[in-house]
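Structure assessment
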Amino acid sequence: MPNRFQSDTGESNKALQDSLDRGEPRIVAAYGLVGAILLCGGIGYVLDRWMDSSPWFLLIGLLVGIVLGFYDLISTVRRS
């Protein structure tokens, strides 16, 4: 007995994959934004703990991460 949902599932999977393929650069750029903020903020936090200068390096690291992340996000969106 054939499953009446089987063809719908295949079409749904293809539509989902097409959507992901179109949005992939934006998704990667969004993760890059979050990663840049976390990485630069983490480096700033470690420098603050090491130099006992809280919160200055953390704030500088977060600001640098935001700037770098948005630069990458904007350049990726403009390319696609």
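Above this note sits the structure.
Residues numbered from 1 in each chain as written. Predicted model: local features only at pLDDT ≥ 70, side-chain atom pairs only at ≥ 80, totals over all residues. Heavy atoms only, no water.

Let's shift gears to the overall build of the protein. Counting secondary structure elements, the protein contains 2 helices and 0 strands. Across the protein, every contact between residues at least 6 apart in sequence was considered, and the portion connecting residues at least 24 apart equals 56%. Counting every atom, the protein has about 6500 Å² of accessible surface; 67% of that belongs to carbon and sulfur. (Helix = DSSP H or I, 4+ residues; strand = E, 2+ residues; numbered from the N terminus. Contact = heavy atoms within 4.5 Å. Areas by Shrake-Rupley, 256 points an atom, 1.4 Å probe, with all protein chains shown as cover.)

In this model, helix α2 (residues 56-79) (24 residues) spans 35 Å end to end at C-alpha, consistent with the 34 Å of a helix rising 1.5 Å per residue. Taken together, the buried positions of α2 are occupied by Gly61, Gly65, Gly69, Leu73 and Thr76. (Expected span 1.5 Å × (residues − 1). Buried < 20%, exposed > 50% of the residue type's maximum accessible area, 1.4 Å probe, protein only.)

This paragraph deals with the side chain of aspartate 48. Locating aspartate 48 in the fold gives a position in helix α1 (residues 6-51). Within the structure, the side chain of aspartate 48 is placed 3.0 Å from the backbone nitrogen of phenylalanine 57, a separation counted as a polar contact. For aspartate 48, the side chain forms a polar contact with the main-chain nitrogen of leucine 58, separated by 2.8 Å. (Polar contact = N/O pair within 3.5 Å; in protein donor to acceptor, adjacent residues only side chain to side chain.)

Following serine 54, the chain continues into proline 55 via a peptide bond in cis, with omega recorded as 0 degrees. Note that proline 55 resides in the loop between α1 and α2.

This next bit is on the environment of leucine 38. Within the secondary structure, leucine 38 sits in helix α1. Given a relative accessible area of 60%, leucine 38 falls into the exposed group. The spatial distance from the C-alpha of leucine 38 to the C-alpha of isoleucine 66 is 9.3 Å, given a sequence separation of 28 residues.

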